[in-house]
Amino acid sequence: MNKRLYIETVGCQMNVLDSELVVASLRQRGYELVESPKHADTVLFNTCSVRQHAEDKIYSALGRLKHAKQHHPQKIIGVLGCMAQKDQKLIFERAPYVDLVVGPGQLHQVPDLIEKIAQGSGPCMEVSLSRKDGSRDQISRSHESFDPLRDPTMRPTPFQAYVRIQIGCDKFCTYCIVPMVRGPEQGRAPEDIVSESRVLVDQGSKEITLLGQTVNSYRYRHNGMTTRFSDLLSMLHDINGLERIKFVTNHPKDMTDDLLCAVRDLSKVSPYLHIPAQSGSNRILTRMKRGYTVEEYLEMMQRIDDTVPDAAVTSDFIVGFCGETEDEFQQTVNLVKTCRFKNSFIFKYSVRPGTKGAEQLTDDVPEAVKKRRNNELLAVQNTISAQDNLRFLGRTLEVLVEGPSKTAVKQGASAKAILQLTGRTPCDRIVVFEGNERQIGQILPVTCYDTTSFTLFGLVVTSHIGPHAYDLEPLKASAQK
Ligand code: 5AD
Ligand code: SF4
């Protein structure tokens, strides 16, 4: 069979990593990546179920392939990831020309399944046990992770890589489908995480982002010994050549003091903390089953401020959750104003069949109200971000240069010309500046001369005295602000 593969990924970083692993396993079997489904023999969608909108996008993309499949029946169409696990057979019913449905815990089977289908087996489906279909152990075992296989071309950039340290989630927030589709929380063995990270650094990664649904609840017990997340950070910090360690997503309940001290004391660990609050109302937080109160969240923010005063904290919010009153929404606005997050991701509540929220609560906030609350909260957050970014004016920051900026890419900038580049500070702030291709992948001092809510604009600080004329160490403290 011809082995031209097209893969489209939606959703979180976990999905980006899963797609990297699927591509790596298919390359081993001789597949090559192509840029469009039209030229592909196998078309895969790695899907997300967190909101209805993400699913609708995939069903429309599948709809667009109906015609192609009629004309090229040998084209293999596969749906992978969270929506595959959630909808299972329903996908074949809604799009009968789909050949393959594989949940996130079964992705290691993709190469064999594609070959089986090519040989005429007919449609195949492999999903993990659902959360009610067995003991915790059985369900855990049915969600497998096959992380060691990697593919450098599928990374965000050649110098940035994701490393999964945990799969699944046990928090069961009432709105969230993740515990159902990604299974029980399981930490990976620390030695495996460290050795995988070493390989990634040897392949050129300077920055590693550790992934877990509740990454800071990571724990690994073996032979009576427990490795905490802070211990894992210390182990990774010792890897030569690794320059930055980031991690997402944190749960407020697991933001322990030992972790905050690790962030403070380990220079490679970015003082960037994504800790979704979701709501500023205690009644809504209880309905969401988040497990903390607004007061406890604020107490956590105080501890962060006391221990890592330069930390950049970001959050997620859901507006229009079941029963959310105007007053409760205003409490969320107040929380954003009090915490002054670096930025917030704001979502309109989307009912997820299979969750407690869908079964037990009524989605009673009208869409127009959700939309208005979303815009209002976003405006408050954007004003805060714009105000806070002003303090970077005139300061020199340490920037890992990721590549040409979006504008430069759009303009098809030639490799040798002066390019508009983009990179990030240790606190995950985006910096845009002019430079050249050689600077991509380097960590450079950049002085900020203009700012918006989302972007800092800067100039590279150069010296003609010699290659080591500037010392980045003193910059670290200011870059973290
Ligand atoms: N509706 C809207 N937003 C959701 N999120 C998770 N589930 C839902 C849902 N059903 C948001 C939360 C989470 C982020 C990744 O997505 O804010 O932190
Ligand atoms: Fe979903 Fe809550 Fe788990 Fe996050 S902590 S993945 S929001 S259930």
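Residues numbered from 1 in each chain as written. Chains lettered and ligands numbered in written order. Predicted model: local features only at pLDDT ≥ 70, side-chain atom pairs only at ≥ 80, totals over all residues. Heavy atoms only, no water.

1. Comments concerning the environment of Ser234
Topologically, Ser234 is positioned in helix H9 (residues 229–237). Accessibility expressed as a relative area gives 33% for Ser234, which makes it partly exposed. With 32 residues separating them along the chain, Ser234 and Leu266 place their C-alpha atoms 7.2 Å apart. (Helix = DSSP H or I, 4+ residues; strand = E, 2+ residues; numbered from the N terminus. Buried < 20%, exposed > 50% of the residue type's maximum accessible area, 1.4 Å probe, protein only.)

2. Some details on the nonpolar core
Membership of the largest hydrophobic core comes to 51 residues, with the highest contact counts inside it found for Ile165, Leu210, Phe229, Leu233, Phe247, Tyr297 and Ile304. Not counting residues up to four positions away in its chain, the partners in contact with Leu233 are Leu210, Ile245, Phe247, Leu259, Ala262, Leu266 and Val269. Judged by nonpolar contacts, the second largest core, of 23 residues, contains Tyr6, Ile58, Leu62 and Val101. (Core = buried A, V, L, I, M, F, W, Y, C linked by side-chain atoms within 4.5 Å. Contact = heavy atoms within 4.5 Å.)

3. Here's the deal with the packing of helix H13 (residues 326–339) against helix H15 (residues 367–389)
Between H13 and H15, whose axes approach to 10 Å, the crossing angle comes to 15°. Between H13 and H15, the angle falls in the class roughly parallel. Note on packing geometry: the crossing formed by H13 with H15 is right-handed. For the pair H13 and H15, contact is made by Glu326, Phe329, Gln330, Thr332, Val333, Val336 and Lys337 and by Arg372, Arg373, Glu376, Leu377, Val380, Gln381 and Ile384, respectively. Tallied by class, residues from the contact of H13 with H15 come to six nonpolar, three polar and five charged. (Axes fitted to C-alpha atoms, helices over the stretch in contact; angles between N-to-C directions. Parallel < 35°, antiparallel > 145°, perpendicular 65-115°, else oblique. Left-handed = near helix turned anticlockwise from the far one by under 90°. Nonpolar A, V, L, I, M, F, W, Y, C, P; charged D, E, K, R; others polar.)

4. Observations regarding the site of ligand 2
Lining the immediate environment of ligand 2, one finds Cys169, Lys171, Phe172, Cys173, Tyr175, Cys176, Val178, Pro179, Gln213, Thr214, His251 and Arg290. The residue makeup of the shell around ligand 2, split by class, is seven nonpolar, three polar and two charged. (Near = heavy atom within 4 Å.)

5. Observations regarding the sheet that holds strand S14 (residues 272–274)
In space, the three strands of this open sheet follow the order S14-S15-S16, with parallel pairing throughout. In this open sheet, the two edge strands, each paired with only one partner strand, are S14 and strand S16 (344–348). Averaged over all pairs of adjacent strands, the angle between strand axes in this sheet comes to 10°, irrespective of strand direction. By the bridge criterion, three bridges tie S14 to strand S15 (residues 312–319) in an arrangement that is parallel. If you follow Leu273 over to S15, its bridge partner there is Val313. Its contacts with the sheet place H15 against S15 and S16, and it is angled at close to 175° to S16. (Pairing = 2+ DSSP bridges.)

6. A few points about the sheet that holds strand S3 (residues 42–47)
Taken together, six strands build an open sheet; the order of strands is S2-S1-S3-S4-S5-S6 and the sheet is parallel. One side of each edge strand has no neighbouring strand; the edge strands of this open sheet are strand S2 (32–33) and strand S6 (124–126). Direction of pairing for strand S1 (residues 4–9) relative to S3: parallel, over a ladder of five bridges. Among the inter-strand pairings, Tyr6 is bridged to a residue of S3, identified as Val43. Contacts from helix H1 (residues 13–27) reach S1, S2, S3 and strand S4 (76–81) within the one sheet, and its direction differs from that of S1 by about 170°.

7. Re the site of ligand 1
Taken together, Val50, Arg51, Tyr175, Gln278, Asp316, Ile318, Phe347, Lys348, Tyr349, Ser350 and Arg352 make up all the residues around ligand 1. A distance of 2.9 Å is found between an oxygen atom of ligand 1 and a side-chain nitrogen or oxygen belonging to Arg51. Between Ser350 and ligand 1, the recorded distance is 2.8 Å, taken from a backbone N or O atom to a nitrogen atom. Within the complex, the protein chains bury 86% of what would otherwise be the 410 Å² of accessible surface of ligand 1. Of all the secondary-structure elements, those providing two or more residues to the shell around ligand 1 are S15 and S16. A per-class count over the shell around ligand 1 returns five nonpolar, two polar and four charged. (Polar contact = N/O pair within 3.5 Å; in protein donor to acceptor, adjacent residues only side chain to side chain. Areas by Shrake-Rupley, 256 points an atom, 1.4 Å probe, with all protein chains shown as cover.)

Honestly, it's all geometry; don't read function into it.
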